[in-house]
Amino acid sequence: GAVVSQHPSWVICKSGTSVKIECRSLDFQATTMFWYRQFPKQSLMLMATSNEGSKATYEQGVEKDKFLINHASLTLSTLTVTSAHPEDSSFYICSARDFPEAFFGQGTRLTVV
Amino acid sequence: AQSVTQLDSQVPVFEEAPVELRCNYSSSVSVYLFWYVQYPNQGLQLLLKYLSGSTLVESINGFEAEFNKSQTSFHLRKPSVHISDTAEYFCAVSVLNTGFQKLVFGTGTRLLVSP
């Protein structure tokens, strides 16, 4: 299947700083990527849909100014957690559609201290 | 809105025993159905999918799932599990009215295989 690479796999940052997570589709072009958040022992919560060349579509309750998404090319989407706080600590996973399937990155464990 | 229900949060089973992980969905329109597996601190891997055609779909590692439209179910089964099958399993649906774009996930079932 197709490969989606997510980087970094884990990051620890200080409260108040910003963290950028990258998601790349390595062997296919993805006009649409998705960002999820997963709490321990819970399911994936869709945060936003990232569209190449246009603004991301955020799910209800997700703060656009805190979770900045950029999809500048057909193979790269980035999620920036701005002014991170401990409650933003979570496992973030990206996904790219190679229709009809969805392929997932390895996930990023974010810990804000 | 569509939803996916995985009634069992955890399923303990002995090695070489059969297992069934249940998944029910709610949607009045055409759906695509998926099962994903997640190992600790990793992303999701596609296990199998139903798009159309035969209602019984199989994976390369012995899992199978059957699409039952009347019962709106897509249960995952394996006749004999291995220790290495221990993982979290997610059922997901994408529906026609979103252009099959969005995936909605169930809450997951943790399969625990013991010797």
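This structure is a prediction, so every number in the text was calculated from the model and none was measured. (Residues numbered from 1 in each chain as written. Chains lettered and ligands numbered in written order. Predicted model: local features only at pLDDT ≥ 70, side-chain atom pairs only at ≥ 80, totals over all residues. Heavy atoms only, no water.)

(A) The arrangement of the overall build of chain A in detail. Assigned secondary structure in chain A consists of zero helices and eleven strands. Traced from its N-terminal end to its C-terminal end, chain A shows the element sequence β-β-β-β-β-β-β-β-β-β-β. Referenced to the eigenvectors of the C-alpha coordinate spread, the extents of chain A come out at roughly 35 × 25 × 20 Å. For chain A, with 113 residues in total, the buried portion stands at 53%. In chain A, once contacts between residues fewer than 6 apart in sequence are set aside, the share between residues at least 24 apart is 52%. In the form shown here, chain A has an accessible surface area of approximately 5,500 Å², with 52% of it arising from carbon and sulfur atoms. Chain A carries 10 positive and 10 negative side-chain charges, and their two centres are separated by 6 Å. (Helix = DSSP H or I, 4+ residues; strand = E, 2+ residues; numbered from the N terminus. Buried < 20%, exposed > 50% of the residue type's maximum accessible area, 1.4 Å probe, protein only. Contact = heavy atoms within 4.5 Å. Areas by Shrake-Rupley, 256 points an atom, 1.4 Å probe, with all protein chains shown as cover. Lys, Arg positive; Asp, Glu negative; His and termini not counted. Charge placed at Lys NZ, Arg CZ, Asp CG, Glu CD.)

(B) Summary view of the nonpolar core. Membership of the largest hydrophobic core comes to 28 residues, with the highest contact counts inside it found for Leu33(B), Trp35(B), Leu47(B), Leu48(B), Phe74(B), Leu76(B) and Tyr89(B). With five residues, strand β10 (residues 87-95) of chain B is the largest single contributor of residues to this core. Within the second largest apolar cluster, 27 residues are counted, among which are Cys13(A), Ile21(A), Tyr58(A) and Val81(A). (Core = buried A, V, L, I, M, F, W, Y, C linked by side-chain atoms within 4.5 Å.)

(C) Region of the structure containing the sheet that holds strand β7 (residues 67-73) of chain A. Residue and element names in this part refer to chain A. One open sheet accounts for four strands, arranged β1-β3-β8-β7; its pairing is antiparallel. Of all the strands in the sheet, the pair left with one neighbour each is β1 (4-7) and β7. With strand direction ignored, the average angle separating the axes of adjacent strands in the sheet is 15°. Note that β7 and strand β8 (residues 76-81) share five bridges and pair antiparallel. Within β8, the residue paired with Ser73 across the bridge is Leu76. (Pairing = 2+ DSSP bridges. Axes fitted to C-alpha atoms, helices over the stretch in contact; angles between N-to-C directions.)

(D) Structural detail: the pairing of strand β9 (residues 90-98) of chain A. Residues and elements named next belong to chain A. With eight of nine residues buried, β9 is to be regarded as a mostly interior element. In the sheet, strand β4 (residues 32-38) pairs with β9 via six bridges, with the strands oriented antiparallel. Bridging from a neighbouring strand, Met33 pairs with Ala96 of β9. When β9 meets strand β11 (residues 108-112), the two strands line up antiparallel, connected through three bridges. Note on β11: the bridge partner recorded for Phe91 is Arg109. Pairing of β9 with strand β10 (residues 101-104), which is carried by four bridges, proceeds in the antiparallel orientation. Bridge pairing in β10 places Asp98 opposite Glu101.

(E) Expanded view of the environment of Lys14(A). All names here are of chain A. If you trace the backbone, Lys14 turns up in the loop between β2 (10-13) and β3 (19-25). Since its relative accessible area comes to 63%, Lys14 is described here as exposed. Considered as a pair, Lys14 and Ala84 are 70 residues apart in the sequence and their alpha carbons are 7.6 Å apart. Setting aside its immediate chain neighbours within four residues, Lys14 contacts Ala84, Val112 and Val113.

(F) Spatial organisation of the pairing of β4(A). Residue and element names in this part refer to chain A. Burial runs high along β4: seven of the seven residues are buried. What you see with β4 is no split at all: Thr32, Phe34, Tyr36 and Gln38 on one side and Met33, Trp35 and Arg37 on the other are buried throughout. Counted along the chain from β4 to the antiparallel partner strand β5 (residues 44-51), the turn is five residues long, and its residue Lys41 has a positive phi close to 60°.

(G) The arrangement of the interface of chain B and chain A in detail. Between chain B and chain A, the contact holds 22 residues from the first and 23 residues from the second. Summing both partners gives a buried area of about 1,600 Å² for chain B against chain A, and 56% of it is carried by carbon and sulfur. Linking chain B with chain A are one salt bridge. The shortest N-O distance in the salt bridge between Glu101(A) and Lys49(B) comes to 2.5 Å. Inspection of the chain B/chain A interface yields six residue pairs in polar contact (both at pLDDT 80 or more). Listed by contribution, the elements that provide at least two residues to the side of chain B that touches chain A are β5 (31-38), β6 (44-50) and β10 of chain B. Looking at the side of chain B that touches chain A, the element that brings in the most residues is β5(B), giving four residues. A breakdown of the residues in the side of chain B that touches chain A according to their chemical character gives ten nonpolar, nine polar and three charged. (Buried area = accessible area lost by both parts, 1.4 Å probe. Salt bridge = Lys/Arg side-chain N within 4 Å of Asp/Glu carboxyl O. Polar contact = N/O pair within 3.5 Å; in protein donor to acceptor, adjacent residues only side chain to side chain. Nonpolar A, V, L, I, M, F, W, Y, C, P; charged D, E, K, R; others polar.)

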